[in-house]
Amino acid sequence: MTTPDNQENSRFSDVRRAARLSVAPMMDWTDRHCRYLHRLLSHQALLYTEMVTSPALVRGGALHLLDHSPEEHPVALQLGGSDPQELGLAAKIGAQAGYDEINLNCGCPSDRVQSGAFGAILMQSPDLVADCVAAMRAQVAVEVTVKCRIGVDEQEPREILPVFLEKIQAAGCQRVTIHARKAWLKGLSPKENRDIPPLDYALVHEMKTAFPDLHISINGGIATLDAARAQLEQGLDGVMVGRAAYHQPSDILSEADAVIFGSGAPRDPFEVVEQMLPYIDRELTKGARLHQISRHMLGLFAGRPGARAWRRMLSEGANRPGAGPDLIQQALAQVTRQAVAV
């Protein structure tokens, strides 16, 4: 079995360091265009793909789902699945595509995921998850990680979560991200599962005390960079931010390198937009439509005068035939460079 000890040490440690702050895998959001934008805002945070199912890669041959730019690194591939052998093959495909980490989804509560017997429902099968982790690790030289909930349905988190972590750690998982909410597989929609079950940050901190050798990141409800830093200062190894990093990317990511990693100057979102223009031009020549890229940029100027005009121009114009970088520049002219207090 490939172990962290015989991996390329510099690459392995770099990804682990990047995990001090990561952007959560989010379906329909964290595609390659989104990740390119986020990388311009933070050179050091760890980025994740949308979840890609192992059947899509192994049986469907959907290798286009693994497309990414070299500039995105460090970047992790999140897989969904429950068949150890198939996940092992999918992990191998992902590692060969150049991803720096392979992550197993044990947290998504959607009906579609449940019907495939993976996602949050796997919290009920820690032995199976351990088998999946072991099979994936046997195939790749990059780190295999898990993203999970604190429990599902009627499970008692303080009883099930330590068992779950013990099993996956024994199988070789050394890094886990815990969404600090239970998931209710029946009765709540995926959206409700992101908001209604109460957060239990204390339990995640208890797990770090119980598993000191396990790299633990916390996820759920963290909406500011100060809140992320506070979690790190309380002893956790990493923080994963989701919707806030997408809807207000400048607020979370533009100062992340300096605040979380201790190096690097804050990024100016105006300069980031200018840096996006060559990428947009290149992608349009490959057949992309502007709205596929610009939709991820709508929140860049949240809180600034002109942000509404910026969003409106992009939302209304990016779908029009022939829309290109000139529209981005016209929208940018609507935004003032003077930030305002919110």
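For the structure, check the block above.
Residues numbered from 1 in each chain as written. Predicted model: local features only at pLDDT ≥ 70, side-chain atom pairs only at ≥ 80, totals over all residues. Heavy atoms only, no water.

Caption draft 1: Here's a closer look at the pattern of salt bridges. Enumeration over the complete set of coordinates arrives at 14 salt bridges. Notably, a salt bridge pairs Arg 267 with Asp 257, separated by 2.9 Å at the nearest N-O pair. One end of the pair, Arg 267, is in the loop between α13 (256–261) and α14 (269–285); the other, Asp 257, is in helix α13, and 10 residues separate them in sequence. Look at Arg 267 and you get buried, because its relative accessible area is 16%. (Salt bridge = Lys/Arg side-chain N within 4 Å of Asp/Glu carboxyl O. Helix = DSSP H or I, 4+ residues; strand = E, 2+ residues; numbered from the N terminus. Buried < 20%, exposed > 50% of the residue type's maximum accessible area, 1.4 Å probe, protein only.)

Caption draft 2: Summary view of the sheet that holds strand β2 (residues 46–53). Taken in spatial order, the eight strands of this closed barrel run β1-β2-β3-β4-β5-β6-β7-β8, and their pairing is parallel. Taking the axes of each pair of neighbouring strands and ignoring which way they run, one obtains an average angle of 25° across the sheet. Across four bridges, strand β3 (residues 75–80) lies against strand β4 (residues 101–106) in parallel orientation. Looking at the pairing, Leu 79 lines up with Leu 104 of β4. This element, helix α2 (residues 32–41), spans β1 (21–23), β2 and β3 of the sheet and lies at about 170° to β2. (Pairing = 2+ DSSP bridges. Axes fitted to C-alpha atoms, helices over the stretch in contact; angles between N-to-C directions. Contact = heavy atoms within 4.5 Å.)

Caption draft 3: Here's a closer look at the pairing of strand β7 (residues 215–219). Within β7, five of the five residues are buried, leaving the element largely enclosed by the surrounding structure. Alternating positions in β7 separate into two faces, His 215, Ser 217 and Asn 219 on one and Ile 216 and Ile 218 on the other, with burial throughout. Bridge count between strand β6 (residues 175–179) and β7: five bridges; the pairing is parallel. From the neighbouring strand, Thr 177 faces β7, where its bridge partner is Ser 217. Strand direction decides the pairing type here: β7 and strand β8 (residues 238–241), joined by three bridges, are parallel. By the bridge assignment, Ile 218 is partnered in β8 with Val 239.

Caption draft 4: Molecular detail of the pairing of strand β5 (residues 143–149). Among the seven residues of β5, seven are classified as buried, and the element is accordingly described as predominantly covered. Of the two faces of β5, the one holding Glu 143, Thr 145, Lys 147 and Arg 149 and the one holding Val 144, Val 146 and Cys 148 are both buried throughout. The sheet contact formed by β4 and β5 spans six bridges and is parallel. Following the sheet pairing, Ile 102 is matched in β5 by Val 144. Here β5 pairs with β6 via four bridges, running parallel. Among the inter-strand pairings, Val 146 is bridged to a residue of β6, identified as Val 176. Between the parallel elements β5 and β6, the chain passes through helix α7 (residues 157–170) in a crossover that is right-handed. (Right-handed = clockwise from strand over helix to strand, strands pointing away.)

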